[in-house]
Amino acid sequence: AQVLAALNHPHIAAIYGVEESPPSRPGQPPIRALALEFVGTVLVVALATLIRWLLEPVLGFNLPFITFFGAVFLCAWVFGAWPTLVAVVVSAGVVQLLFFPPLQSMSQADVVVNIVGIALFVAIGFGAALMGEGRLRAIQRAEREATAARQATALAVEHSDTASAAVRRADEEA
């Protein structure tokens, strides 16, 4: 294709650029990158669990999701939608198992409050997942457009140089 692009004839279609689409994660196969994202997600949630567990003497059963919001937002920022959704589900399960009071000791009002808390956490987590994915896609789109702009600029410079050379030759011949 690059040889064809070098041809300049009025009866041959011009090729102005050749590009390969880059892999989603340069240097890594997609499955490996996906596995690393999910391992990173589990590690982030584990760290949030450890921090919340260390805060247990101070917080007790209050603010059960406090460290998990940060974990979900970090996963959304770094990994995108699917790993963030995993972080939301795993975090909700961990909070329910470790940081809610035993069900037998809660009043009916406390149960309702905890259910509403889980629902809000999940809703906010899903929103964060969508925003994180949108951010990553915008970055990828901007990188593609920047590459296209650099290629177009290089092509314009090349055509400008060719045109300048043609004008000089015409001036020299005249």
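Scroll up to find the structure this text is about.
As the structure is a prediction and not an experimental result, all values here were calculated from the model.

Asker: Explain unusual backbone geometry to me, please; I cannot follow it from the model alone.
Answerer: Leave glycine aside and you will find that most residues have negative phi; peptide bonds, for their part, are mostly trans. The backbone of L63 sits at a positive phi, close to 50°, despite the residue not being glycine. Relative to the helices and strands, L63 is located in the loop between α3 (56-59) and α4 (66-79).

Asker: What's the story with the pattern of salt bridges in this structure? I'm lost.
Answerer: Side chains that carry opposite charge are capable of pairing whenever their charged atoms lie near each other. In the structure shown here, the tally under the stated rule is two salt bridges. In this structure, R52 engages E56 in a salt bridge whose closest nitrogen and oxygen atoms are separated by 3.0 Å.

Asker: Could you clarify how one ought to interpret the nonpolar core in this entry?
Answerer: Ranked by internal contacts, the top residues of the largest apolar core, which has 20 residues, are F65, F68, V72, V95 and F121. Of all the secondary structure elements, the ones that give two or more residues to this core are α2 (30-54), α4, α5 (81-98) and α6 (108-173). In terms of residues, this core owes the most to one element, α4, which gives six residues. Those residues within four positions of F65 in sequence are excluded, and the remaining contacts are A92, V95, F100, G117, I118 and F121.

Rules used throughout
- Residues numbered from 1 in each chain as written.
- Predicted model: local features only at pLDDT ≥ 70, side-chain atom pairs only at ≥ 80, totals over all residues.
- Heavy atoms only, no water.
- Helix = DSSP H or I, 4+ residues; strand = E, 2+ residues; numbered from the N terminus.
- Salt bridge = Lys/Arg side-chain N within 4 Å of Asp/Glu carboxyl O.
- Core = buried A, V, L, I, M, F, W, Y, C linked by side-chain atoms within 4.5 Å.
- Buried < 20%, exposed > 50% of the residue type's maximum accessible area, 1.4 Å probe, protein only.
- Contact = heavy atoms within 4.5 Å.

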